[in-house]
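# Notes for the structure review
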Amino acid sequence: MTTHGVVSSKSLESSTTSKDRPGSYSSTMSNGGDEILLDASKTAESPVRRTRSLTISPVVTTAEKLDSLLAEPVLNLDAMKKLAWAGLPNIARAAVWKILLGYLPTNSARRKDTLERRRREYREAVEQHYDSSNEPPQETTAQTQGSHTYSRVGHQDDITMRQISVDLPRTCPGQALFHIPEVRLALQRILYVWATRHPASGYVQGMNDLVTPFMFVFLSEFAKKGTERSILTMTDMSVFENPQKALANAEADAYWCLTALLNDIQDYYTFSQPGIQRRVHYLRELVARVDSNLCTHLEDEGLDFLQFAFRWMNCLLMRELPFPLIVRVWDTYLAESDGFALFHVYVCAALLVSFSEELQEMDFQDLVMFLQNLPTESWTSKDIDVIISQAYMWRTIFGAAPSHLQ
């Protein structure tokens, strides 16, 4: 990553060590997520004898560590956050996300009852607020034909429903999962019920993107063994052992977790969206500090940060990064106390500055086109880990003294 300006990547590395960053453990050598411990008790021996004294501890994976934490009577939340910060294994992500969002309690004895109660409360909210006559007849499925009869009086011309219906077909266009009729109707119900229960903001474009990581993660919980990673490409519900139950439970869980997320950034979606305005301003000030040449170039070309960064904040980079990498980034956001609000700004800054050299060669028109279609489609988890690490270093420097960015 190349930076230009007051702070460079090399100078930042000296201020932050691996032991300082959540999820890092300096006492071990990493080997693909597992830990290898070295026996250093015979350092005076010959190289041959030292080789023989090398011992490998029983492999303890992140998933096993999380299983152990989840089994504790009262879960150690800080320990879970450290593991989540560096990225979660697919098998554990659903349970961890629910706890980190406060949807489920840290007390293991209360989790089952809490989960059943919250899912029941969502079904009751659907019955109260959602009118199934808004669903296209050709897409009605077993999920909507059974015992659920939605009683809220609604109309086809309902403004909120019309907007949601317009937005959903273009939500995550590259992920077939969200265009399965049953899944799309579940997303519709979530968004409509949320909007009805939160009239201060109502439904705002962008929320349709934010619900999809939750639906993917929570549906993955119910996928047949070995198919969890491929459900994004599925075109029907055959991948699930019990499709109706899987969708009903994932829908309820996604609703409550979306609610928790939006509570943290609620001023993003109220009148005039002041939260987004502030975050974009903060992003501009941050980039001016860490890469003044880039910031000056953008402004000399007449490009206002709002022209590209508004969407970065409104949709939390959902349209700028491949979907699997969004899920990875959210692992870290959930481990941070201000992940979706403030830490996200640092991630946006690191993402922008990573393209600094290319951007400084572009004129206004090319800048707009480039920033609306970032070339990240081939990125892997290694690429996004670099962005997250850079964001963490800048947050370490500036986070304790935000006045430096005013």
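This is a predicted model, so every value here is computed, not measured.

## A closer look at the packing of helix α10 (residues 207-220) against helix α15 (residues 323-335)
Two elements in contact, α10 and α15, have axes separated by 11 Å at closest approach and are oriented at 90 degrees. As far as their axial angle goes, α15 and α10 are roughly perpendicular. In this structure, α10 uses Leu-210, Thr-212, Pro-213, Phe-214, Phe-216 and Val-217 to contact α15, whose residues at the interface are Phe-323, Ile-326, Val-327 and Trp-330. Here the residues of the contact of α10 with α15 sort into nine nonpolar, one polar and no charged.

## Here we look at the layout of surface pockets
In this structure, the second largest pocket encloses a volume near 260 Å³. Around the second largest pocket, the lining is made up of 15 residues, and of these Arg-170, Cys-172, Pro-173, Asp-209 and Arg-319 lie nearest the centre. Of the residues assigned to the lining of the second largest pocket, the class counts are six nonpolar, five polar and four charged. Here the lining of the second largest pocket gathers at least three residues from each of two domains, domain 1 (94-133 + 154-264) and domain 2 (274-400).

## Some remarks on the side chain of Thr-259
Counting through the fold element by element, Thr-259 comes out in helix α11 (residues 243-264). Side-chain polar atoms of Thr-259 contact the backbone oxygen of Tyr-255, separated by 2.9 Å. With residues near it in sequence (within four places) discarded, Thr-259 still touches Trp-194 and His-198.

## Some thoughts on helix α5 (residues 90-100)
Among the eleven residues of α5, eight are classified as buried, and the element is accordingly described as predominantly covered. Against the buried residues of α5 lie α3 (62-71), α4 (77-85), α6 (108-129), α10, α11 and α15. Two residues or fewer after α5 comes Gly-102, characterised by a positive phi angle close to 80 degrees.

## Brief notes about unusual backbone geometry
For Gln-273, which is not glycine, the phi torsion reads 50 degrees and is therefore positive. In this structure, Gln-273 sits in the loop between α11 and α12 (274-290). Using a relative accessible area of 16% as the deciding quantity, one classes Gln-273 as buried. Unlike most non-glycine residues, Leu-316 shows phi in positive territory, near 55 degrees. On the basis of relative accessible area, Leu-316 is assigned to the buried category, the value being 1%.

## Overview of the packing of aromatic side chains
On inspection of all chains with the given rule, the structure shows 20 aromatic pairs. Centroid distance Tyr-122 to Tyr-255: 5.0 Å. Interplanar angle 35 degrees. Geometry classified as tilted. Placement of the pair is Tyr-122 in helix α6 and Tyr-255 in helix α11, with a sequence separation of 133 residues. Overall, the relative accessible area of 2% leaves Tyr-122 in the buried class. Using a relative accessible area of 1% as the deciding quantity, one classes Tyr-255 as buried. Where Phe-308 meets Trp-312, the ring centres are 5.2 Å apart and the plane angle is 70 degrees; that geometry is what we call edge-to-face. Of this pair, Phe-308 and Trp-312 are both found in helix α14 (residues 306-314), four residues apart, which corresponds to roughly one turn of the helix. By the burial criterion, Phe-308 is buried, and Trp-312 matches it. Taken together, the ring pairs connect Trp-85, Trp-97, Phe-214, Phe-218, Trp-330, Tyr-333, Phe-340, Phe-343 and Tyr-392 into an aromatic cluster. The cationic tip of Lys-98 hangs over the ring face of Phe-218; the distance from NZ or CZ to the ring centre is 5.1 Å.

## Digging into the environment of Ser-238
Along the polypeptide, Ser-238 turns up in the loop between α10 and α11. C-alpha of Ser-238 to C-alpha of Lys-224: the two residues are 14 residues apart in sequence and 9.1 Å apart in space.

## Considerations on the confidence of the model for the protein
Looking at the protein, the pLDDT average stands at 84 and 78% of residues meet or exceed 70. Here residues 23-54 scores under 50 on pLDDT; set against residues more than four positions off or in separate chains, the count is 34 contacts. pLDDT under 50 marks residues 137-157. Its contacts with residues more than four places away, or in other chains, come to 46 contacts.

## Let's talk about the environment of Thr-227
Its location among the elements puts Thr-227 in the loop between α10 and α11. Judged by its relative accessible area of 18%, Thr-227 is buried. C-alpha separation for the pair Thr-227 and Phe-240, spaced 13 residues apart in sequence, amounts to 9.1 Å.

Rules used throughout
- Residues numbered from 1 in each chain as written.
- Predicted model: local features only at pLDDT ≥ 70, side-chain atom pairs only at ≥ 80, totals over all residues.
- Heavy atoms only, no water.
- Axes fitted to C-alpha atoms, helices over the stretch in contact; angles between N-to-C directions.
- Helix = DSSP H or I, 4+ residues; strand = E, 2+ residues; numbered from the N terminus.
- Parallel < 35°, antiparallel > 145°, perpendicular 65-115°, else oblique.
- Contact = heavy atoms within 4.5 Å.
- Nonpolar A, V, L, I, M, F, W, Y, C, P; charged D, E, K, R; others polar.
- 1 Å grid on protein atoms, 1.4 Å probe; cavity = no way out; pocket = protein on both sides within 12 Å on 5 of 7 lines; lining within 4 Å.
- Points joined across faces, edges and corners; volume = space filled by probe spheres on them.
- Domains from an automatic or database assignment.
- Polar contact = N/O pair within 3.5 Å; in protein donor to acceptor, adjacent residues only side chain to side chain.
- Buried < 20%, exposed > 50% of the residue type's maximum accessible area, 1.4 Å probe, protein only.
- Phe/Tyr/Trp six-rings, centres within 6.5 Å; stacked < 30°, edge-to-face > 60°.
- Lys NZ or Arg CZ within 6 Å of the ring centre and 35° of its normal.
- pLDDT = per-residue confidence, 0-100.

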